[in-house]
Amino acid sequence: MRIAAALLGLVCCTHAFAATFVVTRTDDPVPGACLRTDCSLREAINAANARAGRDTVQLGAATYLLSRSGADGGFTSDSGPLWVQDDVDIVGVGRTRTRIRWTHLLLRDADDAVLAFWSASPTPLDARVSDLAISHGRGDSGGCVQFAKSASRYAMQRVDVEHCRAIEGGGLSVLGSELMLTDVEVRDNVATYDGGGIKLHYDAILRGSDLAIHGNRAGRDGGGLIAKQMMLIGPANTMVIAEGGMKIAANEAGRNGGGVAVTGDMGLSIFGNHQLRIAQNTAAAEGGGLWRGPRFVAVQQQPLLVWNTQVEGNLAYSGGGIAAQGRLQLSGVEVRDNTTSGGDGGGVFMAELTGEAAILASSFTGNVARQGGGIHARCHSVGLQNVSLQGNQAIDGAAAWLPGTAFLTHVTVNAHAGKALRFPYDTACASINQFARIENSLVLSSCVSGHGAVTSGGGNQFGPSASACPRLAGVDQLQASDAVFGLALGSFGGEFTVTGWNSDGMPRPQRDFISASSGTCLASDVRGAARSDGACDAGAFEQ
């Protein structure tokens, strides 16, 4: 159980400001002093805790087995999780060569995470873990690692977090702190309840670059990740920021939010920076990709905000891509090829009888549901600006099902069969204003109104299938053929797939259809390209 003497020359190289504690044995004895030739991992961490200031714990090419199971309900230095109480760097020699895990003999569900970061000191922690794998921990909140000291900064680099289990946060839990994950995989972890891969709570911030959260499972909500607020604590906001490539993929939830879930009045802001992909996740109930749960206190609920993210190929009973109650904003989001297993809202499902949503500069393509193939908004107030809807499928409302208040500005609707833009009468929405307006849009699919309050704001171009859409004489135009528009799917120099057309010299009726002097042209299109030539095109795309 001793590590080769090749490391011994590195043992405890100290100077006035730091120390390096080299781990020389792989077992987990009753902890004592960390000696030059006899130092376990637990002893090295205890020694680093005893010194003020930043220290390093150095591991070699070995598997370090923890066996001293602790009592539930707290941390101790001689058993349970490796308890870090001071600033430290825990460094291995590679994720395939250095591993820290609980022994396979540990079968009971004790609160034995592998690492726990917490201190009674008011000073925040600053800790880093690199070049190793962490596995086979068990915890109440955080099966592999518990970042339990709030207002702190943590980082993991070139680390695998795998095969851990917890009641919540199967792999990691982060309490009110910032965690940077670089070249990290969080995979194959399990939460009995919520957050199969990661649990964020109380204003936590997760930053990721070359981060993969995949193959995790939750018995209830948030197969990959959950932002969770406990009742009566008050509203809080968490953030997920993709600073490089990041994917949340192939996770599973037994209830809601196969990829990501957020509960209560908690707010979650996802900054994808066109680097984040939420894909191939599944949920048994709502939100295959993302799920925003019901509020605790209506006036306190913070929104779910998603920017510059791809939501693709997810599956749930309702809300194949995204399901949200309360407040939702999407901007620069590509929602494609998501499916429901029998319910509504292939791309986005908004089920609450009250709520509001803003969908900006986004694309919905190839989503499938019973009602609302692209978008299903129960009684929400919904604003769509610079939105591309193409090739979504549903029995009713293939493009969108919008019974509440809906404003469609610079929207393109193309290639939908049957009833595409559906504005139904819904008795459940009787207390709100059931009204819709279409403006500066390009609609080649049908409109069907059940409440009779769908109007045109002008500047619309319609294909022959859209003859029942509202038109203002002399302001909107109905064309006899779809071919004149020349529409196609492509990126057209943008970050994701939209419905646009090539600059092939052919006259297009939607081109420069609205004068800028009308004051109704939005400043940019679905790709973020400027509308700046004195007139704007009908629809989401500007040539």
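This is a predicted model, so every value here is computed, not measured.

Describing the state of the cysteines
1) Next: Counting across every chain of the model gives five disulfides.
2) Next: Between the sulfur atoms of Cys34 and its disulfide partner Cys39 the distance amounts to 2.0 Å. Measuring handedness by torsion sign, the sulfur bridge of Cys34 and Cys39 sits at about -100° and is left-handed.
3) Next: Look at Cys34 and you get partly exposed, because its relative accessible area is 22%.
4) Next: Residue classification places Cys39 among the buried residues on the basis of a relative accessible area of 0%.
5) Next: Between the sulfur atoms of Cys447 and its disulfide partner Cys469 the distance amounts to 1.8 Å. Because the torsion about its S-S bond is 85°, the bridge between Cys447 and Cys469 counts as right-handed. Highlighted residues: Cys447 in strand S40 (residues 447–449) and Cys469 in the loop between strand S42 (461–462) and strand S43 (477–478), separated in sequence by 22 residues. With respect to burial, Cys447 and Cys469 carry one shared label: buried.
6) Next: With its disulfide-bonded cysteines labelled consecutively along the sequence, the protein chain is connected as 1-2, 3-4, 5-6, 7-8, 9-10.

Some thoughts on the nonpolar core
One broad trend across soluble globular proteins is that nonpolar side chains are buried collectively.
1) Next: Core analysis: the largest hydrophobic core is formed by 101 residues, its most contacted members being Leu115 and Met156.
2) Next: Counting six residues, the second-largest nonpolar core is a separate cluster that includes Phe496, Trp501, Val526 and Ala540.

Focus: the environment of Ile45
1) Next: In this fold, Ile45 is placed in helix H1 (residues 41–50).
2) Next: The sequence separation of Ile45 and Leu360 amounts to 315 residues, and the corresponding C-alpha distance is 49 Å.
3) Next: Setting aside anything within four residues of it in sequence, one finds Ile45 in contact with Val57, Leu82, Trp83, Val84, Ile90 and Leu115.

Some words on the pattern of salt bridges
1) Next: Under the counting rule described, the total for this entry stands at 36 salt bridges.
2) Next: Arg54 is the salt-bridge partner of Asp126, the closest N and O atoms lying 3.9 Å from each other. Separated by 72 residues along the polypeptide, Asp126 in strand S8 (residues 126–135) and Arg54 in the loop between H1 and strand S2 (55–58) bring together distant segments of the chain.
3) Next: Look at Asp126 and you get partly exposed, because its relative accessible area is 30%.
4) Next: On the basis of relative accessibility, which here comes to 22%, the residue Arg54 falls in the partly exposed class.
5) Next: Note that Asp160 and Arg95 form a salt bridge whose closest N and O atoms lie 2.9 Å from each other.

A short note on the packing of aromatic side chains
1) Next: Applying the stated criterion to the full structure yields ten aromatic pairs.
2) Next: Seen from their ring centres, Phe75 and Trp83 are 5.9 Å apart, and the 40° between their planes marks the pair as tilted.
3) Next: For Trp83, a relative accessible area of 14% corresponds to the buried category.
4) Next: The interplanar angle of 55° and the centroid separation of 6.0 Å between the aromatic rings of Phe407 and Phe435 together place this pair among those described as tilted. Here the residue Phe407 occupies a position in strand S36 (residues 405–414), and Phe435 occupies one in strand S38 (residues 435–439), the gap between them amounting to 28 residues.
5) Next: Taking the relative accessible area as the measure of exposure, Phe435 reaches 23% and is therefore partly exposed.
6) Next: It is Arg220 that lies over the ring of Tyr193; its NZ or CZ is 4.3 Å from the centre.

Digging into the pairing of strand S20 (residues 237–242)
A regular strand carries its side chains on alternate faces of the sheet.
1) Next: Direction of pairing for strand S17 (residues 205–214) relative to S20: parallel, over a ladder of four bridges. Residue pairing in the sheet places Arg207 in a bridge with Ile241 of S20.
2) Next: Bridge count between S20 and strand S24 (residues 267–279): five bridges; the pairing is parallel. Note that in S24 the partner of Ile241 across the bridge is Phe271.

Considering the sheet that holds strand S18 (residues 217–218)
1) Next: Read across the open sheet, the eight strands follow the order S9-S12-S15-S18-S22-S25-S28-S31; overall the sheet is parallel. Looking at the sheet topology across the chains shown, the edges are occupied by strand S9 (138–141) and strand S31 (339–340).
2) Next: Pairing geometry for strand S25 (residues 282–286) and strand S28 (residues 315–318), over three bridges, is parallel. Pairing of Ala283 across the sheet is with Ala316, part of S28.

Cut-offs and rules
- Residues numbered from 1 in each chain as written.
- Predicted model: local features only at pLDDT ≥ 70, side-chain atom pairs only at ≥ 80, totals over all residues.
- Heavy atoms only, no water.
- Disulfide = S-S within 2.5 Å.
- Buried < 20%, exposed > 50% of the residue type's maximum accessible area, 1.4 Å probe, protein only.
- Helix = DSSP H or I, 4+ residues; strand = E, 2+ residues; numbered from the N terminus.
- Core = buried A, V, L, I, M, F, W, Y, C linked by side-chain atoms within 4.5 Å.
- Contact = heavy atoms within 4.5 Å.
- Salt bridge = Lys/Arg side-chain N within 4 Å of Asp/Glu carboxyl O.
- Phe/Tyr/Trp six-rings, centres within 6.5 Å; stacked < 30°, edge-to-face > 60°.
- Lys NZ or Arg CZ within 6 Å of the ring centre and 35° of its normal.
- Pairing = 2+ DSSP bridges.

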